[in-house]
Each structure stands twice: as C-alpha cells, then as structure tokens.
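Given next are the chains, with one letter for each unit.
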Amino acid sequence: MRGGNMQNMMKQMQKMQKKMAEAQEELGEKRVEGTAGGGMVTVIVTGHKEIVDVVIKPEVVDPDDIDMLQDLVLAATNDALKKAEEMTNQTMGQFTKGMNLPGMF
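Source: prediction; values computed, not measured.

K.L.:
Explain the overall build of the chain to me, using residue names and the numbers behind them.
P.N.:
Within the chain, the regular secondary structure consists of 2 helices and 3 strands. Beginning at the N terminus, the succession of helices and strands in the chain can be written as α-β-β-β-α. The buried share among the 105 residues of the chain stands at 27%. Pairs at least 24 apart in sequence give 50% of the contacts found in the chain among residues at least 6 apart. Accessible surface, the chain: about 7600 Å² in total, of which carbon and sulfur atoms supply 52%.

K.L.:
I'd like a description of the pattern of salt bridges, backed by residues and values.
P.N.:
With the rule as written, the count across this model stands at 2 salt bridges. Between K49 and E85 there is a salt bridge, and its shortest N-O distance comes to 3.0 Å. A residue pair is termed long-range when its members are at least 10 positions apart, and K49 in the loop between β2 (41-46) and β3 (51-56) and E85 in helix α2 (residues 66-93) qualify at 36 residues. The closest approach of N and O atoms between D79 and K83, which form a salt bridge, is 3.4 Å. Residue D79 and its partner K83 are located together in helix α2, separated by 4 residues, close to a single helical turn. We classify D79 as partly exposed; its relative accessible area is 23%.

K.L.:
Quick rundown of the side chain of T77? Include the residues and the values.
P.N.:
Structurally, the position occupied by T77 is in helix α2. The contact partners of T77, leaving out residues within four places of it in the chain, are V43 and I51.

K.L.:
Give a detailed account of the sheet that holds β2, specifying residues and quantitative values.
P.N.:
Strand pairs in the sheet, formed through backbone hydrogen bonds, run parallel or antiparallel to each other. The antiparallel open sheet is built from 3 strands, whose spatial order is β1-β2-β3. Strands at the two margins of the open sheet, each flanked by one partner only, are β1 (31-36) and β3. Each neighbouring strand pair of the sheet contributes to a mean axis angle of 15°, computed without reference to strand direction. The pairing of β1 with β2 spans 6 bridges and is classified as antiparallel. Looking at β2, one finds that R31 is bridged to T46. Together, β1, β2 and β3 form the strand contacts of α2, whose direction differs from that of β1 by roughly 145°.

K.L.:
Describe unusual backbone geometry, listing the residues and the values that go with them.
P.N.:
Notably, K49 is not glycine yet its phi reads approximately 65°, a positive angle. Judged by relative accessible area, which is 36%, K49 ranks as partly exposed.

K.L.:
Before we move on, could you go through the pairing of β2 and cite the residues and values that matter?
P.N.:
Along β2, 6 of the 6 residues are buried, which leaves the element largely enclosed by surrounding structure. Of the two faces of β2, the one carrying V41, V43 and V45 and the one carrying T42, I44 and T46 are both buried. Counting the residues in the hairpin turn of β1 and β2 gives 4 residues, including G37, whose phi is positive at 65°. Pairing geometry for β2 and β3, over 5 bridges, is antiparallel.

Rules behind the numbers
Sequence positions are assigned chain by chain, starting from 1 and proceeding in written order. Where totals are concerned, whole chains, interfaces and linings use all residues; where local detail is concerned, this predicted model gives features only for residues with pLDDT of at least 70, and gives and counts side-chain atom pairs only at 80 or more. To get the side-chain values, take all heavy atoms of the structure and skip hydrogens and water. Numbered from the N terminus, helices here are DSSP runs of H or I no shorter than four residues, and strands are runs of E no shorter than two. The cut-offs for exposure are 20% and 50% of the maximum accessible area for each residue type, with area from a 1.4 Å probe on protein chains only; residues under the lower value are buried, those over the upper are exposed, and the others partly exposed. What makes two residues a contact is simply this: any of their non-hydrogen atoms within 4.5 Å. Exposure was quantified through the Shrake-Rupley algorithm and a 1.4 Å probe, taking into account, for residues, occlusion by the shown protein chains and nothing else. In the sections that follow, a salt bridge refers to a side-chain nitrogen of Lys or Arg positioned within 4 Å of a carboxyl oxygen of Asp or Glu. DSSP calls a pair of strands paired once it identifies at least 2 bridges connecting them. All axes are obtained by fitting lines to C-alpha atoms, using only the stretch in contact for helices, and the reported angles, taken between N-to-C directions, cover 0 to 180 degrees.

Following this line, the structure appears as structure tokens:
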C-alpha cells in the first residue's frame, strides 16, 4: 500500500508540474499596461516581464524637458512591471497555496 501511495503522489506531482508549465506559458501570452502622466506614456509588458511596447503621446515630448519624459517612461515601466508581478503571483500562487515555499514566485 505504501508503494501505491508514493506512486499516486508522484502522478499528482506530475499533473501539477504540467499545469504549472501551462500557466507559465499562458503568462507569456498575457499583456498588462502601465501608464504615467495621465496616459501620456504607456508601457506594455508580458506576464514574463518582457516589455513589448512603449507608446508616447506626441504632446508630452518637449525637447526642453527630456527629464520629465524620462521620468514618465520610468514610472510607466515600473507600473507595468508591478502589474505583471501581481498577475504572476495570482496565477502561480494557486500552485503553492498552503505550502511554505519561500522564494518560489
């Protein structure tokens, strides 16, 4: 009986690993948007935290104030990355509920 329990547990672990891999793959296809300056700068990031697009509205571009534009891009990027992290934690956290596995996600 003991061997049967171990075999059953191994099958459960394999199922969980497969579901985790599928969830990771789906995260790469999902997109989140970070914005700054009331939508003047938008950064789009995948669930894998890869920046795929940066949109800057022309009216925010001021050659005499490059620092402000840089700050807006930075703020929008950080906003998008924070949202991607939250999405990852929500998606992958379902696999670690009730387990004390520090540093997993």
